[in-house]
Amino acid sequence: LPQGIQERGKEIRTFMPRYGCINERRHQLHEVIRLSGINIIINDVDHPLIIKVASIPSARMQVYFIDNQEFFSRKAILTERASNKYFEDNDERAMFFARGVAETVKKLGWQPDIIHCHGWFTSLLPLYIKKYYNDDPIFSDSKMVVSVYNDEYPKTLNKKLSHKLTLDGFNKKDVKHISQEPNFINMLKQSIEFSDGVIQGSDSISADLVKHIKKTGKPFLAFKDELEYMDAFNEFYDGILAETAVSS
C-alpha cells in the first residue's frame, strides 16, 4: 500500500513498532540519533523513545521503527512465544507507540495530510492526534483514516487503561468506549470516534462494528480485493482531503 500510493504521487512515511523478532542486522536498521532522545511518560513512568530506520531501495522508501527496551525488546509481537498468552502491558505498548509516532513526526517537521492507522494496536493514535496534539501546528490539518481488521484479541486489555489515559489529560468523554471495557470492539470504536474516515480492511468484520460505523455517518470504504484496493484507497484519500478543502 505505501509503495502503491507513493507511485500515485503522494509522499509517504511508514511507522511500525520495532518488535524484538525483527532482525536488525538483516534489514539494516540503524538508530537515528537526531530523532531519538525523547522520554515519553506512560502511566507516570518515563520511557526513552528510540527511533530506528530501514530503507526499502526497490520502493525508494524508508520505514521508521518506534523502539523502547522495556516495551519492544522481547522476541515476540503481542503474545508470549511459549504460552501464546497476551502480554499484560499491551495497553501501555499501544500508548507508547501512538505517542512515539506523533513525537517522531514532530521531530521530522513533516506535516501529514492523512494519517492512516491499521489494526487495533494503532487505535489510540486518532485520540492522541485529535485531543492531545490538537494545538500542535504539525497536526492542525491532519485527517485520520482508520482501517478496521479482523485482528481480534481475546478478553480485554488492562482494566486500568482508561485511568492511564486520564493521566495524559483525557476526560471520561474522550475515552468513553474504553471506559466501558478495553476490549477489541471498544478499542476500535474508540479509534473510529476520532477518525475522519473508515476503511474495512478484512473481507468480514464484526456486525457490531459495521452498525457503529454506519451510525457515525463518517466516510466509509467497504472491503476491496487485491486488484482494486490501491486505486480505491487513493480515491478515498483524495475524497477526505477534498471534503476538508470544501469545508474550509
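Computed from a predicted structure; not experimentally measured.

This part takes up the packing of aromatic side chains. Here a ring pair, both rings aromatic, is described through the centre-centre distance and the interplanar angle of the planes. Using the criterion set out here, one finds 17 aromatic pairs in the structure. A centroid spacing of 5.6 Å and a plane angle of 65° characterise the contact between Y128 and Y132, whose relative ring orientation is edge-to-face. Separated by four residues within a single helix, Y128 and Y132 lie in helix α4 (residues 125-132), roughly one turn from each other. Classification of Y128 as buried rests on a relative accessible area of 0%. Residue Y132 is classed as partly exposed on the basis of its relative accessible area of 33%. Here Y229 and F233 contribute two aromatic rings whose centre-to-centre distance is 5.4 Å and whose plane-to-plane angle is 80°, an arrangement assigned as edge-to-face. One end of the pair, Y229, and the other, F233, are both in helix α9 (residues 229-247), four residues apart, so they sit about a helical turn from each other. With a relative accessible area of 22%, Y229 lands in the partly exposed category. Taken together through their ring pairs, the aromatic side chains of Y19, F71, F72, Y86, F96, F97, W120, F121, Y153 and F184 make up a single cluster. Directly above the ring of W110 sits R13, whose terminal nitrogen or CZ lies 4.9 Å from the centroid. Above the face of the F87 ring, R74 is positioned so that its terminal group lies 4.5 Å from the ring centre.

What follows deals with the sheet that holds strand β6 (residues 114-118). The strand order across the open sheet built from four strands is β6-β7-β8-β9, with neighbouring strands paired in parallel fashion. What marks the edges here is a single partner per strand, and that holds for β6 and β9 (220-221). In this structure, strand β8 (residues 197-200) lies alongside β9, joined through two bridges in parallel fashion. Bridge assignment links I199 to a residue of β9, and that residue is L221. The sheet strands contacting α4 are β6 and β7 (143-148), and the helix crosses β7 at an angle near 165°.

Conventions we followed
- Note on numbering: residues in each chain are counted from 1, in written sequence order.
- Reporting in this predicted model follows two pLDDT cut-offs: at least 70 for local features of residues, and 80 or more for side-chain atom pairs to be given and counted; totals over whole chains, interfaces and linings ignore these cut-offs and use all residues.
- For side-chain calculations, the full set of non-hydrogen atoms in the structure is used, while hydrogens and water are omitted.
- For Phe, Tyr and Trp, rings pair up if their centres lie within 6.5 Å, where Trp contributes its six-membered ring, and each pair is then called stacked (planes under 30 degrees apart), edge-to-face (over 60) or tilted (otherwise).
- Secondary structure elements are defined from DSSP: runs of H or I of at least 4 residues count as helices, runs of E of at least 2 residues count as strands, and each element is numbered from the N terminus.
- Partly exposed residues are those whose accessible area sits between 20% and 50% of the maximum for their type, while under 20% is buried and over 50% is exposed, using a 1.4 Å probe and protein chains only.
- A ring is considered to have a charge above it if a Lys NZ or an Arg CZ atom is located within 6 Å of its centre and within 35 degrees of its normal.
- Here the rule is simple: two strands pair whenever DSSP picks up at least two bridges between them.
- Note on definitions: a residue-residue contact is assigned when non-hydrogen atoms from the two residues lie within 4.5 Å.
- Here an axis means a line fitted to C-alpha atoms, over the contact stretch when the element is a helix, while the angle between two N-to-C directions is reported on a 0 to 180 degree scale.

Geometric values such as these leave the question of function open.
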